[in-house]
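Structural overview for review
Here is what each chain is made of, one letter per residue.
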Amino acid sequence: MSVLLHHKGSPGFGRRAAILAVAASLLLAACGGGGGGGEGSSAPAEFRIAIGIDPDTLDPAGQTTTTVQNIVDYMVDTLVDIDKDGKLKPGLATDWEVAPDGLSITLTLRQGVTFHDGTPFNAEAVKFSLDRVLDPNVTVPIRGSYTVIQEVEVVDDYTVRLHLSQPSPALMAALSTTMVGIISPASVEEHGNTYTNYQHPVGTGPYVFKEYVPGERVVVEKNPDYWGEEPYYDRVIFQVVPEAATRMSQLLSGQVDMIILPPVSDIPSLQQNPNVEVLLAPSNRTIYIAINNNDEVLSDKRVRQALNYAVDKDAIIQNVLFGAATKLDAPMAPSLFGYCPVGAYEYNPDRARQLLAEADVENLTLDFIAPTGRYVQDFQAAEAIAGYLEDVGINVTLRTMDWPTYVQNIQQPPDQNDLDLHLLGWAPGYLDAQEQMVQFQLAAHPPNGLATAFYTNPEVEDLLERASREIDVETRADLYCQASRLIMDDAPWIFLWYQSFPIVYSKDVTGVSYLPNEMFDAVYARPAN
Amino acid sequence: MKGTLQYITRRVLTSLLALVGVSLIVFIIVRVLPGDPARIIAGLLATEEEVERIRVAMGLDRPLPVQYWDFVTGLLQGDLGTSLRTRRPVLVELVPRLKMTMLLATTGTILGSLLGITAGVVGAARRYTRLDYLLSSGSLVGISMPVYWLGYMLIIVFAVNLRWFPAAGADEPSSIVLPTLTLAAFSMALVARMTRGSMLEVLGQDYIRTARAKGLAERVVIYRHALRNALIPVLTVIGLQFGSLLGGAVLTESVFAWPGMGVLLVNSIINRDYPMVQGIVLVYAVLVVLLNLVVDLAYGWADPRIRYD
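Just so we're clear, the structure is a prediction, and the values are computed from it rather than from any experiment.

1. Notes on the overall build of chain A
Secondary structure assignment for chain A yields 15 helices and 21 strands. For chain A, the C-alpha radius of gyration of 26 Å lies close to 24 Å, the compact-globule estimate for 529 residues. Across its three principal directions, the C-alpha atoms of chain A cover 85 × 75 × 45 Å.

2. Topic: the packing of helix α6 (residues 244-252) of chain A against helix α7 (residues 147-161) of chain B
Relative orientation and spacing of two packed helices are given, respectively, by the angle between their axes and the distance between those axes. At a minimum axis distance of 10 Å, the contact between α6 of chain A and α7 of chain B shows a crossing angle of 15 degrees. For the element pair α6 of chain A / α7 of chain B, the angle class is roughly parallel. As for how α6 of chain A packs across α7 of chain B, the hand of that crossing is right-handed. Two secondary-structure elements touch here, α6 of chain A through Ala245, Ser249 and Leu252 of chain A and α7 of chain B through Tyr152, Ile155, Ala159 and Val160 of chain B. Split by residue class, the contact of α6 of chain A with α7 of chain B holds six nonpolar, one polar and no charged.

3. Thoughts on the domain arrangement of chain B
Residue and element names in this part refer to chain B. Domain annotation of chain B identifies domain 1 (20-76) and domain 2 (98-302). Computed over C-alpha atoms, the centres of domain 1 and domain 2 are 37 Å apart. Counting from both sides, the interface comprises twelve residues of domain 1 and, opposite them, nine residues of domain 2. Where the side of domain 1 that touches domain 2 is concerned, the elements lending two or more residues are α1 (2-32) and α2 (37-42). Ranked by the residues each element gives to the side of domain 1 that touches domain 2, the list is headed by α1, at six residues. Counted by class, the side of domain 1 that touches domain 2 contains nine nonpolar, two polar and one charged residues.

4. Points about the interface of chain A and chain B
Residue-level contacts link 56 residues of chain A with 57 residues of chain B. Only α2 (13-32), β10 (235-240), α6 and α12 (403-410) of chain A provide two or more residues apiece to the side of chain A that touches chain B. The element best represented in the side of chain A that touches chain B is α2 of chain A, accounting for nine residues. Residue composition of the side of chain A that touches chain B, grouped by class: 24 nonpolar, 27 polar and five charged.

5. A word on the sheet that holds strand β7 (residues 159-164) of chain A
Residues and elements named next belong to chain A. Pairing within the open sheet is antiparallel, and its four strands lie in the order β4-β5-β7-β6. Two strands in the sheet have a free side with no partner beyond their single neighbour: β4 (93-98) and β6 (149-156). Ignoring which end each strand starts from, the neighbouring axes of this sheet average 20 degrees apart. Summarising the sheet, β4 and strand β5 (residues 104-109) pair through five bridges and their orientation is antiparallel. Counterpart to tryptophan 96 in the pairing with β5 is leucine 107. Together, β5, β6 and β7 form the strand contacts of helix α4 (residues 123-134), whose direction differs from that of β6 by roughly 170 degrees.

6. Focus: the packing of helix α6 (residues 130-144) of chain B against helix α8 (residues 177-203) of chain B
Residues and elements named next belong to chain B. Two numbers describe how α6 lies on α8: the axes approach to 8 Å, and their chain directions differ by 135 degrees. On the basis of the axis angle, α6 is oblique to α8. Considering how the two elements wind past one another, α6 and α8 form a crossing that is left-handed. Contacts from Leu135, Ser139, Gly142 and Ile143 of α6 reach α8 at Ala185, Phe186, Met188, Ala189, Leu190, Ala192 and Arg193. Of the residues contributing to the contact of α6 with α8, the split by class is eight nonpolar, two polar and one charged.

7. Remarks on the confidence of the model for chain A
Residue and element names in this part refer to chain A. Residue-level pLDDT values for chain A average 92, and 92% of them are 70 or greater. Contacts from residues 1-13, a stretch scored under 50 in pLDDT, to residues over four places away or in other chains number 14 contacts. In this model, residues 28-40 is a region of pLDDT below 50 whose contacts with residues beyond four sequence positions or in other chains number 19 contacts.

The rules we used
- Residues numbered from 1 in each chain as written.
- Chains lettered and ligands numbered in written order.
- Predicted model: local features only at pLDDT ≥ 70, side-chain atom pairs only at ≥ 80, totals over all residues.
- Helix = DSSP H or I, 4+ residues; strand = E, 2+ residues; numbered from the N terminus.
- Rg over C-alpha atoms; globule rule 2.2 N^0.38 Å.
- Axes fitted to C-alpha atoms, helices over the stretch in contact; angles between N-to-C directions.
- Parallel < 35°, antiparallel > 145°, perpendicular 65-115°, else oblique.
- Left-handed = near helix turned anticlockwise from the far one by under 90°.
- Contact = placed C-beta atoms within 7 Å.
- Nonpolar A, V, L, I, M, F, W, Y, C, P; charged D, E, K, R; others polar.
- Domains from an automatic or database assignment.
- Pairing = 2+ DSSP bridges.
- pLDDT = per-residue confidence, 0-100.

Printed below as a string of structure tokens:
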């Protein structure tokens, strides 16, 4: 600006100054732009992934979002891992044994593993990491899954024993989550980290943290001393790109190698595109409509079942979600332990009308709210569902609002809560029915939790309580199956679908897979040739 | 000069008052919005116990006046607070993003102004010819085109198909081209219309008639005599345009994943990151105040008829 003010009175001052300014800003852009992609002499092999959110923290303990966990998993290992089907397999623990009384778990640790900072991985490090997760001074939003651990005992250098306050068969699954990833104890005092503010993760993973530029990217580099199979790429760059259409453009223009969550409506055309591969990974996120079970009319099971019969889920999945979901036939997704197929409510508007008549329901008006842009085609699906409900004679008023307002509304305590229907998605933190069934328990009714349908059934409560302590795997699975059948019949929700997690990558790349909890598995990606 | 100094001092003092008002308003507004930052940041899977713990750690359980006092005393020491989402200082998060937005707004304004002034001058000089109508229609299209649409059109043509430029991000020097073009389109249209109108008005003045009567070449008349005076109101528009681009580049920043302040502000509102929203709005307020001051001074300097006292 000041350049314009200086050249008083000379002819064409505006033009000259402007040219100077343009040159200056182009120079600025060139300097500020930084290095380009992997061009140049022996360039490191780079794999670029475009994701939709800017990480809030890279501290494993502080994780709340699967996409960020996905990134942290490149650097930090867990005691156990899960495979594509959700089954547990050894990670940093090679073996584990649950005591007969269920009150302790003994883990045998992998030997010869070092952290990125050269310190050895051992039982002390495991104790340090787990103690830290349980430490109330550290911010751990998902701590609840681990508080059953009373004490972490170092038996010897490579043996750890977890002492529990009660038997917890779900705990082993919970130990596969990033939140209990094992970090180097020394690292809480390095790289600007503190015990409570841990921004630079140091783990045992296949990649080492290089840099995080907020709002732009996270960069990790290959760990030369990794204990497992060596990945191909020297460097992985996670680019922060909030707009789905932009992510897709970047893939199509070759700027990135892989993206997640493209615009759903573009999935069919991407599937036709010979240059990219579309992977519709099944996820653990159930999408449903919570019915207010406290409401006078809606407390009648027949009405709730009618709502379930009234909606044509297959049609919505095909036409509104472009096939990126699978109809629910149980109160949880198949990848969870404890899943058993109960059977879906098939589309049957006549049966719906019949049930409504039996329940003496006439001129029913329902207040329906749904978020926008939170889940795949959430509001669009809600509009379709409202249409189906209108078809069987129910008046529906549909509203939307921004997410924090939405959460506040659905979490109103029972005496202030007069919502009738609201759409929600629930993805348990680990693949065990315990984390899903919490949605059907009294203890989690608002304001104490997010079981926002206010559903409770004493029989179901009893089955779930027993299942949470049952060590025998088969018995436990059966308990959850029985509970699932009761819940399905009680229809506290309109059971919709579980989402697919779309991963799209360039045909020049292979070795891209997924995990069934909304995560991509691309550590072993490599060029296709 | 003394009058100007007094003028500046008065403006600075009233601006400070305005900024105090802004700080209070933004503090209140952001807390009036429904929604609990602790629950949003912790996510749905967190237990109420953890959410409460986080709420306390964020200081959100304290009475509002205490929170405001904290905010203001921090401000006076140059501390804009800590982001609720990332627990990093607001200033540390903000400064790089501000630089990126300033960069984009600057190049967008400069390109748009250059093109706009040129188009406006040509349109005025060749008034009512086909060229003039073409430029005028172009201006109309430019003002009406949604940024969101134009941005993606440019990406499809120049990034996906031609591969001349990156589709998004700010990693390479050439990353700035497409977002700048997108911003410049609107800017240019606005400036062109202003310039044309202003030029026509000036060209109708007596002294222009005199210059022509003196036998000066048309080119000299336009560039040496008319343009300088016509540009005065245009300068104001450009300055204000720049100010609005600082805030309004949000759509362009979203489309091109340009790591600017606009996107940060929108996300912070969505996440109810109170300190972040407060910090960004305050920074914008300071920038707008400064910008207005500069524009007014520039106007006063450029036009000798105007004196501030």
